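Observations on chain architecture
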Amino acid sequence: MPSSSPSTTAATSSTVRPAREGSGSATTSPHAYDAGLLLLRLALGLTMAAHGSQKLFGWFGGGGIDGTGQFFTMSGYPAGNAMAVVAGLTEVLGGLGLAVGLLTPLAGAAIVGTMVNAIAVTWGGGFFAPKGNEYELLLTAGAAALALTGPGRYAVDRFLPVLKAHRLAYGAAAVVVGLATAGVILLLRK
């Protein structure tokens, strides 16, 4: 009789997860993990979508395309208004994708790429607010974590055949694409 390794069993089982050592419980409900991922996706995704709407539409006290474009130009990016549109669309679409769990690895990677550029702009101001980059770093890490872990069961991805069973390789590849894209954009910056 062939035996399964613990990692193979854990990877194929969607209903039972191992309990923490010494917890006194044989299993932990997978719904707890999925609810936690849903909460993280909603908070991070809707925050990013709101930031993008500031850039695109001037909502929530944002500068709109013209104001954001001026900021991008002052920050050394070429074609400030075009960069404002790209950043705004990336944040809105990536944020909404994370919130509903649609194409989660790519949505997370989109946020990672945008936030790496935000970190580059705020770099040198220290770690803490008001001039630091801890907020941007936290958003970047959260988006990368969601790209790597997948959205959980309470997500649109569960209905897409390719993404129904999330694989670490999908998330890792998406994060690499997000980082590479961010690097290319940073090379354009003066």
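First things first, this report covers the structure right here in the doc. The structure displayed is predicted, hence computed values, not measured ones. (Residues numbered from 1 in each chain as written. Predicted model: local features only at pLDDT ≥ 70, side-chain atom pairs only at ≥ 80, totals over all residues. Heavy atoms only, no water.)

**A few points about the nonpolar core**
By size, the foremost hydrophobic cluster in this structure holds 14 residues, and its most contacted members are Leu44, Met48, Leu98, Ile111, Met115, Leu139 and Ala143. Taken together, the elements giving at least two residues each to this core come down to α2 (30–57), α5 (104–122) and α6 (134–149). Top contributing element to this core by residue count: α6, with five residues. When neighbours within four sequence positions are excluded, leucine 139 is seen to be in contact with Leu44, Met48, Ile111 and Met115. With five residues, the next largest nonpolar core counts Phe72, Tyr77, Ala84 and Ala87 among its residues. (Core = buried A, V, L, I, M, F, W, Y, C linked by side-chain atoms within 4.5 Å. Buried < 20%, exposed > 50% of the residue type's maximum accessible area, 1.4 Å probe, protein only. Helix = DSSP H or I, 4+ residues; strand = E, 2+ residues; numbered from the N terminus. Contact = heavy atoms within 4.5 Å.)

**Description of a nonpolar patch on the surface**
Together, Val100, Leu102, Leu103, Leu106, Val156 and Phe159 line one region of the surface with nonpolar side chains, adding up to about 560 Å² of accessible area. By the secondary structure assignment, valine 156 is in the loop between α6 and α7 (168–188). When its relative accessible area of 33% is taken as the criterion, valine 156 is described as partly exposed. (Patch = residues over 30% accessible without salt bridge, like charges linked within 9 Å, V, L, I, M, F, W, Y side chains within 5 Å. Areas by Shrake-Rupley, 256 points an atom, 1.4 Å probe, with all protein chains shown as cover. Salt bridge = Lys/Arg side-chain N within 4 Å of Asp/Glu carboxyl O.)

**Some remarks on the environment of alanine 144**
Structurally, alanine 144 can be placed in helix α6. Linking alanine 144 and proline 105, residues 39 residues apart in sequence, is a C-alpha distance of 8.3 Å. For alanine 144, the residues in contact, after removing those within four places along its chain, are Val112 and Val175.

**A closer look at the packing of α2 against α6**
Two numbers describe how α2 lies on α6: the axes approach to 11 Å, and their chain directions differ by 130°. One element, α2, and the other, α6, form an angle in the oblique class. When the axes of α2 and α6 are compared, the crossing they make is left-handed. Each of Leu37, Leu40, Arg41, Leu44, Thr47, Met48 and His51 in α2 lies in contact with α6, whose residues at this interface are Tyr135, Leu139, Gly142, Ala143, Leu146 and Thr149. A class-by-class count of the residues in the contact of α2 with α6 yields eight nonpolar, four polar and one charged. (Axes fitted to C-alpha atoms, helices over the stretch in contact; angles between N-to-C directions. Parallel < 35°, antiparallel > 145°, perpendicular 65-115°, else oblique. Left-handed = near helix turned anticlockwise from the far one by under 90°. Nonpolar A, V, L, I, M, F, W, Y, C, P; charged D, E, K, R; others polar.)

Such coordinate-based values are descriptive only and should not be taken to indicate function.
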